[in-house]
Amino acid sequence: MQLKRLPVNERAVAMNRRVERVVNRVVRARDRWAERLGVGGRAAAYDDTHYEFIGGAKDELRKKHYDKSLRLLWKAEAVAPWSSFRDCTDEERLLLAEAERSLSPEERAERKRITSEEYRAFLDEHYTPRQKRAIVSFLAAIGHGEAYAWLVSASLLSEVKSTGARAALTMQVLEEAKHFVVMRELVQAFGVEVPRQSVWEYLLLEGTLKAKGLDKFFGMNVLVETIALSIFGSLSEMPGLEILRLFHLDEARHTALPANYFKEFPLDDKAKASLRSRVRRLWMTLPALPLVMLLEEELAEIGIDAFEFAGSVMRKVSALSERAGLLPAEVALRQAMLFNRIFNLYCRATRPGHEDRDFMAADTTSGEEERAVEREIFAAATVH
Ligand SMILES: [Fe+2]
Ligand SMILES: [Fe+2]
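All values derive from a computational prediction rather than experimental measurement. Note on numbering: residues in each chain are counted from 1, in written sequence order. Starting at A for chains and at 1 for ligands, labels are handed out in the order in which the entities are written. Per-residue local features are limited, in this predicted model, to residues with pLDDT of at least 70; the limit for side-chain atom pairs, both in listing and counting, is 80 or more; totals at the level of whole chains, interfaces and linings are taken over all residues.

Draft legend 1. Spatial organisation of the overall build of the protein chain. The helix and strand inventory of the protein chain stands at 17 helices and 2 strands. Across its three principal axes, the protein chain shows a C-alpha extent of roughly 90 × 60 × 35 Å. Here a residue counts as buried when 20 or more other C-beta atoms sit within 10 Å of its C-beta, as exposed when there are 12 or fewer, and as partly exposed otherwise, the C-beta atoms being derived from the backbone. Classification of the 384 residues of the protein chain by burial places 35% in the buried group. The contact criterion used here is simple: two residues whose C-beta atoms, placed from the backbone, lie within 7 Å are in contact. Pairs at least 24 residues apart make up 74% of the contacts formed inside the protein chain by residues separated by at least 6 positions. For helices the rule is a DSSP run of H or I covering at least 4 residues; for strands it is a run of E covering at least 2, with both sets numbered from the N terminus onward.

In structure tokens:
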């Protein structure tokens, strides 16, 4: 390629370079000292000499979370054609139409792209008003959680090290945004009043958002996302709620992030197992207890035992905490046993003829695919 070189003043060029070098040394030294003295410094945890964020590339994290998220990225228009979302590209729309043409008439009738009115009519046909209210209060609980997941994952972006971890979290921010807006339409489609957050959800989620540093990882990715994953896993086989299977898959990936991150950047012993940090995490978990008791009536309405649900959540939380190095195995086991004892005491007081049982062994996730996904995540570490 022929490019016409323009004349420049060589002395001015050299002078500008020299000035930049000197000012660069001064500015960088000033920020290094400010950082050492704890009075400011560079705001971005970014290493421009290596073209990486502080912490390095960590491509494993990128591949396991960012690449996988993009590979499994789903569009609301394709899976919830009754919604207001128009997020498919022209090519994707064309593919959907072609896929529909190749179906048999029966299959086509089954997969018909229904409108919003048809979807509402479908829900009315399959659920009584009482059941709809129960499903909505269960789903809304996690719908409010999605708003916090969006905020917490965005705030964690400035807490994690490495390019790979940031890429992973950026995908989580995107997915939580999608979960929040799609879940809102799904919940609204039921046409019943959407309850506000209960105070127990409020405390649980505010506690997570206000948690310092990587404790947010515990509150959100381990605790709240396990609750979300378990809710999606227990509802995804119900008519009209198949879309929750995709939420389940995303949340499964999010729950695996702390363990993958701490593999690259292990927590120091103080942050990991000091009594203070353990008490802090237990404190964050406590609002989940009265929340389960509050949801018992609604869950019973759709055939889910609240304590079986809570037991399966606590088992998964213990397994994840142990794997991420947030709890030593014996403490995780003791904590699970403590929760089980509280559940049984409550049931003895409120359920006539209750016989003590191991709620931690229960599993309310019903779909085969969802069970397989959970086996993959929770198999390596288990408290039983
Ligand atoms: Fe989510
Ligand atoms: Fe999530």
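Draft legend 2. Geometry of helix 17 (residues 368-378). Along helix 17, the residues that are buried comprise Glu-370, Val-373, Glu-374, Ile-377 and Phe-378. One side of helix 17 holds all its buried residues, which, seen down the axis, span an arc of 115 degrees. When the buried face of helix 17 is taken as reference, the exposed residues oriented beyond 90 degrees from it are Glu-368, Ala-372, Arg-375 and Glu-376. For helix 17, the elements touching its buried residues are helix 10 (215-235), helix 11 (244-264) and helix 15 (306-323). Each direction from the helix axis to a C-beta atom contributes to the arc, which is the arc of those directions.

Draft legend 3. Structural detail: the nonpolar core. One nonpolar core equals one set of buried Ala, Val, Leu, Ile, Met, Phe, Trp, Tyr and Cys residues connected by C-beta atoms within 7 Å. Ala-168, Val-222, Ala-306 and Ala-310 are the most contacted members of the largest nonpolar core, which totals 80 residues. Setting aside residues up to four positions removed in sequence, Ala-310 forms contacts with Val-292, Phe-343 and Phe-359.

Draft legend 4. Broad picture of the packing of helix 7 (residues 129-156) against helix 8 (residues 163-189). To define axes, lines are fitted to C-alpha atoms, for helices over the stretch in contact only, and angles between the resulting N-to-C directions are given on a 0 to 180 degree scale. Running from N to C, helix 7 and helix 8 point in directions that differ by 155 degrees, and their axes come no closer than 8 Å. Considering their axes alone, helix 7 and helix 8 lie roughly antiparallel with respect to each other. Helix 7 and helix 8 meet at a crossing whose hand is left-handed. Residues Val-136, Leu-139, Ala-140, Gly-143, Glu-146, Ala-147, Ala-149, Trp-150, Ser-153, Ala-154 and Leu-156 of helix 7 form the contact with helix 8, whose participating residues are Leu-169, Gln-172, Val-173, Glu-176, Ala-177, His-179, Phe-180, Met-183, Arg-184, Leu-186 and Val-187. For this scheme, ten residues count as nonpolar: Ala, Val, Leu, Ile, Met, Phe, Trp, Tyr, Cys and Pro. Four count as charged, namely Asp, Glu, Lys and Arg, and the remainder, Gly too, count as polar. Here the contact of helix 7 with helix 8 is built from residues that sort into 15 nonpolar, 4 polar and 3 charged. Roughly parallel refers to an angle under 35 degrees, roughly antiparallel to one over 145, roughly perpendicular to one between 65 and 115, and oblique to any angle outside these ranges. The crossing is said to be left-handed when, going from far helix to near helix, the turn is anticlockwise and less than a right angle, and right-handed when the turn is clockwise.

Draft legend 5. Representation of unusual backbone geometry in the model. With phi around 55 degrees, Tyr-51 is a residue other than glycine that occupies positive phi space. Positioned with a positive phi, Ser-162 is a non-glycine residue whose angle comes to about 85 degrees. In this fold, Ser-162 is placed in the loop between helix 7 and helix 8. A residue is classified by how many C-beta atoms lie within 10 Å of it, and Ser-162, with 23 of them, is buried.

Draft legend 6. Seen up close, helix 10. To estimate the expected span of a helix, count its residues, drop one, and scale the result by 1.5 Å. Helix length check: helix 10 (21 residues) gives 29 Å between terminal C-alpha atoms against 30 Å at 1.5 Å per residue, within 8%. Approximately 35 degrees is the largest bend angle found in helix 10, and it occurs at Glu-225. Of all 21 residues that make up helix 10, 20 are buried, and the element is covered over most of its length. Each residue is assigned a bend, namely the angle between axes fitted to the seven residues that terminate at it and the seven residues that start at it.

Draft legend 7. Main features of the packing of helix 11 against helix 17. Between helix 11 and helix 17, whose axes approach to 10 Å, the crossing angle comes to 0 degrees. By the angle between their directions, the pair helix 11 and helix 17 is classed as roughly parallel. Contact with helix 11, carried on its side by Arg-245, His-248, Leu-249, Ala-252, Thr-255 and Ala-256, involves Glu-369, Glu-370, Val-373, Glu-374 and Ile-377 of helix 17 and no other residues of that element. Broken down by class, the residue content of the contact of helix 11 with helix 17 amounts to 5 nonpolar, 2 polar and 4 charged.

Draft legend 8. Quick look at the environment of Leu-235. With respect to the element layout, Leu-235 can be found in helix 10. Along the chain, Leu-235 and Arg-245 lie 10 residues apart, while their C-alpha atoms are 8.7 Å from each other.

Draft legend 9. Summary view of the environment of Leu-299. Mapped onto the elements, Leu-299 comes out in helix 14 (residues 288-301). Classification of Leu-299 by C-beta neighbours within 10 Å gives buried; the count is 23. Through-space distance from the C-alpha of Leu-299 to that of Ile-135 is 7.9 Å; in sequence the pair is 164 residues apart. Setting aside its immediate chain neighbours within four residues, Leu-299 contacts Phe-138, Ile-304, Ala-306 and Phe-309.

Draft legend 10. Layout of the environment of Ile-377. The residue Ile-377 is located in helix 17 in this model. The class of Ile-377 is buried, set by 20 C-beta atoms lying within 10 Å. For the pair Ile-377 and Leu-275, spaced 102 residues apart in sequence, the C-alpha separation works out to 27 Å. Those residues within four positions of Ile-377 in sequence are excluded, and the remaining contacts are Ala-252, Thr-255 and Ala-256.

Draft legend 11. Region of interest: the confidence of the model for the protein chain. Confidence in the prediction for the protein chain averages 89 pLDDT; 95% of positions are at 70 or higher. Below pLDDT 50 for its whole length, residues 380-384 participates in 13 contacts with residues either more than four positions away or in separate chains. Known as pLDDT, the predictor's per-residue confidence is scaled from 0 to 100.

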